[in-house]
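What follows is each chain in one-letter form.
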Number of protein chains: 2
Amino acid sequence: MKLELPSSSSTAEDQHTSYTDLLIVGAGPAGLTVAAWASRYGLKARIIDDKETQVHEGRADGLHPRTIEILDSFGIATPILKYGASIREICSWNPSDDDDSRIERTQRIRDMEMDLSRFAQGAIKQGYIEGAFLDLLKDEGVLQVERNVVTESISHDDLQERKHGEYAITLNVAYRNKSGSSDTDVRRERIHAKYLVGADGAHSWVRKHCGFELNKNRTQKHFGVIDIVPRTNFPDVRVSCVIHSARHGSIMTLPREGRLIRCYVQLAETGGEEDTFDDKEVSFEDIISKAQKIFSPYKLESGECEWWSVYTVDHQIAKTNSLHNRIFITGDAVHAHTPTMGAGMNVSIQDSYNLGWKLAMVIKGLAKPELLDTYRDERHKVAETLLDLDQEMSQFFVQGPCDNSKNYDEFRKKFTPFLSGTGVIYGPSMIRAEDDNDEQVNGDSGSPAKSGRSKFRSTKSLARNILTGQRLNSHIVVNQADASPRHIHDFMKSTGPWRIFIFAGDLTIAGQRKRLEAIAGHFSDPKSIVCRHLKPNEPEEAAVEILTIHSAPRVEIELLDLPEVLHPFHEKLGYDYWKVFASEASAKEREGDSEDAYSRFGIDSQHGCVVICRPDQHVSLVCDMEDVDMIDEFFEQVLVSS
Amino acid sequence: MKLELPSSSSTAEDQHTSYTDLLIVGAGPAGLTVAAWASRYGLKARIIDDKETQVHEGRADGLHPRTIEILDSFGIATPILKYGASIREICSWNPSDDDDSRIERTQRIRDMEMDLSRFAQGAIKQGYIEGAFLDLLKDEGVLQVERNVVTESISHDDLQERKHGEYAITLNVAYRNKSGSSDTDVRRERIHAKYLVGADGAHSWVRKHCGFELNKNRTQKHFGVIDIVPRTNFPDVRVSCVIHSARHGSIMTLPREGRLIRCYVQLAETGGEEDTFDDKEVSFEDIISKAQKIFSPYKLESGECEWWSVYTVDHQIAKTNSLHNRIFITGDAVHAHTPTMGAGMNVSIQDSYNLGWKLAMVIKGLAKPELLDTYRDERHKVAETLLDLDQEMSQFFVQGPCDNSKNYDEFRKKFTPFLSGTGVIYGPSMIRAEDDNDEQVNGDSGSPAKSGRSKFRSTKSLARNILTGQRLNSHIVVNQADASPRHIHDFMKSTGPWRIFIFAGDLTIAGQRKRLEAIAGHFSDPKSIVCRHLKPNEPEEAAVEILTIHSAPRVEIELLDLPEVLHPFHEKLGYDYWKVFASEASAKEREGDSEDAYSRFGIDSQHGCVVICRPDQHVSLVCDMEDVDMIDEFFEQVLVSS
Ligand SMILES: Cc1cc2nc3c(=O)[nH]c(=O)nc-3n(C[C@H](O)[C@H](O)[C@H](O)COP(=O)(O)OP(=O)(O)OC[C@H]3O[C@@H](n4cnc5c(N)ncnc54)[C@H](O)[C@@H]3O)c2cc1C
Ligand SMILES: Cc1cc2nc3c(=O)[nH]c(=O)nc-3n(C[C@H](O)[C@H](O)[C@H](O)COP(=O)(O)OP(=O)(O)OC[C@H]3O[C@@H](n4cnc5c(N)ncnc54)[C@H](O)[C@@H]3O)c2cc1C
């Protein structure tokens, strides 16, 4: 592809040239998630946006449990959980059998996503999510969003031939004029980048100008979306509802932060020859009066309207999300669909959560560039699933009362793994071993398994409830040194390294002790690639971290009797006391968990096993403590030897 | 008392005169807690401090569970819990029987305070606590700390005769010069105040200048205090330890934020004629080398020292904490003692937490001035208990290895209610009914019962596990409207009102429904003082709030079928969905709590009861749903009728 002409002419004088390893275009939820990873790994990276400010009101608001886990992994979930609404119940409403001009509650469904994560679904406006990421970037000081930056042209020659260290991409940008200043003031910049991420939304400029192809449906769907403080005698206003009326269409409601609720009112579907629907002709009053008809016999008034919009959606998916592992698109740039599953922002964040650490590891020279293939495969499959499920859910939403609306709990089960985000299982690849389970879960909505092959195979029987490819769930264990109960996810934060979990079993048994000493001995030897990546004196540079969870009573074990590689000594700061844990009864008593981590994961409490997790918490491989050569081989395949 | 002459002369010109309802002198933990209440009630109040900045390093660090509950009630516990250490275990160490030059672990004790609160003990430097309060004041924008303000003189004429609305106190202050500027620049101010709080620490200027008398011990105790990152092979460095050596004295250690630990090293006790101990001659090296001898055979090195100090303590207590209910002292100004119980900052915050809301309610004209008597009685009793226990604990600490140090778990039990802060039980008074329990708990360290009398008596059998006078413990219940599990303390925040908890029992039983309708009917009638203080359209002005917890399965109850006074309607914002809760099984399943709130509180799940709680969460009265006249009478006694 050739350099495009800048959209307005520019002279050499006002051109500034600069270089960056990673350039992110777009600072919505998707772009900000990549930026958060870049910040964590300390990359030389930039993030630009053509808008003047972040989103403040409205737009996306549903938060799937996995998204909250991701926010938590970056340490930014707390304000979201504090201000956001928590969704614990979903009610379906249908026309009454006696009088179909009246709706009545047909089901109260306990939110099932909750069993899949320690977080329940939530809802809060997009502005808070963007704000939380922006705070993170500000606090860490590595990169900040540059605003009012307009992309003018891009070139990326011979990507396939050029080495990964080269600045193979050139983006020309202009800094938007303050209104009133003349065109000659326009400052322009030529940015040379090694990698570029297009996180620039549904109408992605990057997608268009880099030639990503799109599969697009002819039809468009139009929703009236309102964020109001309701004055109503409708009883289910603080839970989520799916309401089908007999003659006026349907509505979906969500409780929101403060006293707000969000309503999605289905307005029209267009795409046919003679369709004449015009968004601009729809007023707030039109939307609320349609809502009022659906709510009958209940009254609905808006005490306050914070935001409203007519949201028109194309149904589209990019054919790929990667151009030679140098230019990527993520989020809405890849997939557009209805808001009926509340998936847009969630899947966008999850796309970028998958991409960001891989890019960072490659850029830092820690991982091999082929790692980036897995972004393409893993997230394209998710995008396909998303579009399929959205077809079905939006159809259900527009078709009027039906068997599915009356048996909504049954209908919805199909969507649960996907809607939680935790049901997503990546398929076999260079960073994900095969698993006996792959055959069974294939076809399930949450499980894009068997998309590739792997040299390795997890030993299923060692951890019966852990699915290779899925993110490791969090349970409570007890810190060996300080006796405090801790969620496993609390020490799997998005700080960069892979984690080798040694489930060491019962260390009061001499044989188990020996097995642990053997594996620890292996990882203490610089011949092992794991050892070379541990960096006890520069833990922030480590590509791998070892965490031990044993099943003996905590008080029968002395931390300092365990091999030092499990609690590494730092020259200045002494031992690391935050890497060994007990999976014991006291954790249960204290936090009310009825099972310990071993039984939750289906791991034999005497024998234990090893579980390798990626920086994004997904499980790569389950094996035995003796499988140290396999572990080395696994890491040799991904990591640069150093 | 007459106006004292200002310490330096001042002319009329540089005198500025101002008026305030409440003047707080001292912005340590005690002063800031009063200020937080003032902020919450929107008082016309000021807080001054003669220092240039807040405390940054060192000083107090232990956090008792009740203190964390208080911070949480102000919405500022989250950062403290995030950065602070959590203390889950206490180990005692004594000389080995075989070789008394070596210490060995004699006991590992699970921290018992934990059973008494949902929070465990914590430890974090005082600066974080002050910082959290300062952030609160900044966010709320009602009052800010004024620094570099020096108190010069105070007058308070005829306090006894003057009405509570008058500015009976005058404080003359000077604004400290920037170094280098001349004395003529000094700006002075004459502040007239209705109420004054001396929260100005152990050497309190207010105490001295207002003539509060002091009981003081002749002896002083001297501790070496160090905050270090340890490099050590001592195994219990991340839990709390009490270490008695055979010949080198004792040490107390606490884990702290980050990698820090705090050590208290006992240095000397002085007060005799020929004692010559001089703090200024003690160096950090002296302290650590003494610590190293005690730790033998373990090595202890300081990787980094953040702060160290020689802390010299008087054992003293003010004879009263109140002057005619106009001038109060709180915190270290009232009591000074050793750091062996880590009580200083905790009891100081708890003093002020008791005082602040009472002052605010009186100043706002919501409550009668006699309410302030209860501060005097309740907190003076606590100060006495504190001093007694401290005598015993500090004696234990200096006396060397003994039976108590070997059976530390037994010895420590005595201190547990007090050390948790939750064991404190205020005695009968105008705001605390008598209780069958009073006789039994009298004499218990945490229970200053029987200090006064009350017209009312709690019906013990209605809530067998609730102690009148103690703060109501928190359990999880489920919000009726949004199905989310909530801690009771989450809706008992420090926002101002008294809370009437209606434990409505099983509302699927028609008779219970009737009983609930009767009490709700009573509170809906403006003849009831409760009704007049509810203010559904100005909830921030309410002096009383009604909260309902029923025991029926949540899904069998419709919120809007319950009397409106239980979910009041706001003209603009609709119903209040955050006042009715179910105490049901799903809360247990979800959060792992093994009992529901009714059984935890010992309340009959059919019949229910009423529990009245003060704005500081302490229980005033337990009675039946029919005792509405008693409830009105109770409030008539405290609240201004309006
Ligand atoms: C008007 C509107 C209403 C919506 N309503 C809902 C809703 O009701 N419910 C729901 O679930 N979802 C809704 N969404 C979708 C939801 O906001 C997205 O799914 C989510 O934000 C996806 O995140 P993203 O980061 O991929 O894209 P976006 O959030 O769209 O972020 C893209 C960013 O890129 C910037 N950008 C675009 N082009 C360029 C360029 N050339 N150069 C530099 N920067 C560029 C944009 O300014 C923007 O900040 C709505 C979206 C819009 C636009
Ligand atoms: C040097 C030192 C070391 C300590 N070390 C420990 C320790 O190791 N462990 C422990 O548990 N506790 C320690 N403490 C005690 C602990 O800090 C206190 O118990 C706690 O801070 C009590 O809070 P307070 O608000 O009552 O008093 P303080 O925190 O003392 O606050 C009093 C405030 O009033 C201000 N003030 C004083 N006089 C005036 C005046 N005339 N006008 C205006 N402002 C005034 C002061 O500047 C100060 O900000 C230490 C205290 C000190 C002073």
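Because the structure is a prediction, the values reported are computed rather than measured.

Visitor: Which residues make up the site of ligand 1, and what values go with them?
Guide: All names here are of chain A. The local shell around ligand 1 holds 27 residues, among which A30, D49, Q126, Y264 and D332 are the closest. Coverage of ligand 1 by the protein amounts to 86% of the 980 Å² it exposes when considered alone. Counting only elements with at least two residues in the shell around ligand 1, the list comes to helix 1 (29–40), strand 15 (261–270) and helix 7 (344–363). Across the shell around ligand 1, the residue classes break down as 12 nonpolar, 8 polar and 7 charged.

Visitor: Tell me about the pattern of salt bridges, residues and numbers included.
Guide: Applying the stated rule across the entire model yields 94 salt bridges over all chains. Two residues, R256(B) and D61(B), come together in a salt bridge whose shortest N-O distance is 2.8 Å. Of this pair, R256(B) sits in the loop between strand 14 (250–255) and strand 15 (261–270) while D61(B) sits in the loop between strand 2 (45–48) and strand 3 (62–63), and the two are 195 residues apart along the sequence. A salt bridge links R256(B) to D227(B); the shortest N-O distance between them is 3.3 Å. Linking R256(B) in the loop between strand 14 and strand 15 with D227(B) in strand 12 (residues 214–232), this pair joins segments that are 29 residues apart in sequence. Via salt bridges that share partners, D61(A), D227(A), R256(A), E257(A) and R262(A) belong to a single interconnected network.

Visitor: Describe the relation of the copies chain A and chain B, naming the residues involved and giving the relevant values.
Guide: You can overlay chain A on chain B at an RMSD of 0.0 Å; the transform is a turn of 180° with a shift of 0.0 Å along its axis. On the angle and the small slide along the axis, the relation comes out as a two-fold axis. A symmetric contact is evident, with 98% of the interface residues of chain A recurring at the interface of chain B.

Visitor: Could you give an account of the domain arrangement of chain A, naming the residues involved and the relevant values?
Guide: By a frequent convention, interface size equals the accessible area lost on bringing the separate parts together. All names here are of chain A. What the domain assignment reports for chain A is domain 1 (15–77 + 126–214 + 317–388), domain 2 (85–122 + 216–315) and domain 3 (458–638). Of the residues lining the interface, 19 residues belong to domain 1; the matching set on domain 2 comes to 23 residues. Regarding the contact of domain 1 and domain 2, the summed buried area is about 1900 Å², with carbon and sulfur atoms giving 61% of it. On the domain 1 side of the contact with domain 2, D61, P65 and P339 bury the most area, a combined 29% of that side's loss. There are 3 salt bridges connecting domain 1 and domain 2. In this structure, D61 and R262 form a salt bridge, with 3.4 Å as the shortest nitrogen-oxygen distance. Secondary-structure elements contributing two or more residues to the side of domain 1 that touches domain 2 are strand 3 (62–63) and helix 2 (65–73). For the side of domain 1 that touches domain 2, the element with the highest residue contribution is helix 2, accounting for 4 residues.

Visitor: I'd like a rundown of the confidence of the model for chain A, residues and numbers included.
Guide: Residue and element names in this part refer to chain A. Put simply, chain A has an average pLDDT of 92, and 92% of its residues get 70 or more. Counted against residues more than four places away or in other chains, residues 1–13, with its pLDDT under 50, gives 23 contacts. Here residues 442–450 is a poorly scored stretch, pLDDT under 50, and it has 32 contacts once near neighbours within four places are set aside; other chains count.

Visitor: Give me the lowdown on helix 13 (residues 510–523) of chain B, citing residues and values where you can.
Guide: Residues and elements named next belong to chain B. For helix 13, built from 14 residues, the straight-helix expectation of 20 Å at 1.5 Å per residue is met to within 8% by its first-to-last C-alpha distance of 20 Å. For helix 13, the full list of buried residues reads Q512, R513, R515, L516, I519, A520, H522 and F523. For helix 13, the secondary structure elements touched by its buried residues are strand 22 (498–505), helix 14 (529–532), strand 23 (544–550), strand 27 (609–613) and helix 17 (628–638).

Visitor: Account for the nonpolar core, naming residues and giving values.
Guide: With 116 residues, the main nonpolar core has L22(B), M361(B), W498(B), I500(B), I502(B) and F635(B) as its most contacted residues. Ranked by size, the runner-up nonpolar core spans 114 residues in total, among them Y375(A), V544(A), Y575(A) and V310(B).

Visitor: Any details on the packing of aromatic side chains? Residues and values, ideally.
Guide: All names here are of chain B. Within this structure, the stated rule accounts for 62 aromatic pairs over all chains. Measuring from ring centre to ring centre gives 6.0 Å for Y83 and Y128, while their planes differ by 20°; the resulting arrangement is stacked. Of this pair, Y83 sits in helix 3 (residues 77–83) while Y128 is found in helix 4 (residues 126–140), placing the two residues 45 residues apart along the sequence. Y83 sits in the partly exposed class, given a relative accessible area of 43%.

Visitor: Break down the interface of chain A and chain B for me, with residues and values.
Guide: Across the boundary between the two partners, chain A contributes 49 residues, which contact 48 residues of chain B. Here chain A packs against chain B, burying approximately 3800 Å² in sum over the two surfaces, 50% of which is carbon and sulfur. Among the ionic pairs, R554(A) bridges to E89(B), the shortest N-O distance being 2.8 Å. Viewed at the interface, chain B and chain A are joined by 12 residue pairs in polar contact (both at pLDDT 80 or more). Those elements giving two or more residues to the side of chain A that touches chain B turn out to be helix 3 (77–83), strand 6 (103–110), strand 12 (214–232), strand 16 (300–318), strand 24 (569–570), strand 25 (574–575) and helix 15 (585–591) of chain A. A per-element tally of the side of chain A that touches chain B places strand 12 of chain A first, with 4 residues. Split into classes, the residues belonging to the side of chain A that touches chain B amount to 18 nonpolar, 11 polar and 20 charged.

Rules used in this analysis
- Residues numbered from 1 in each chain as written.
- Chains lettered and ligands numbered in written order.
- Predicted model: local features only at pLDDT ≥ 70, side-chain atom pairs only at ≥ 80, totals over all residues.
- Heavy atoms only, no water.
- Near = heavy atom within 4 Å.
- Areas by Shrake-Rupley, 256 points an atom, 1.4 Å probe, with all protein chains shown as cover.
- Helix = DSSP H or I, 4+ residues; strand = E, 2+ residues; numbered from the N terminus.
- Nonpolar A, V, L, I, M, F, W, Y, C, P; charged D, E, K, R; others polar.
- Salt bridge = Lys/Arg side-chain N within 4 Å of Asp/Glu carboxyl O.
- Least-squares fit on C-alpha atoms with pLDDT ≥ 70 in both.
- Contact = heavy atoms within 4.5 Å.
- Domains from an automatic or database assignment.
- Buried area = accessible area lost by both parts, 1.4 Å probe.
- pLDDT = per-residue confidence, 0-100.
- Expected span 1.5 Å × (residues − 1).
- Buried < 20%, exposed > 50% of the residue type's maximum accessible area, 1.4 Å probe, protein only.
- Core = buried A, V, L, I, M, F, W, Y, C linked by side-chain atoms within 4.5 Å.
- Phe/Tyr/Trp six-rings, centres within 6.5 Å; stacked < 30°, edge-to-face > 60°.
- Polar contact = N/O pair within 3.5 Å; in protein donor to acceptor, adjacent residues only side chain to side chain.

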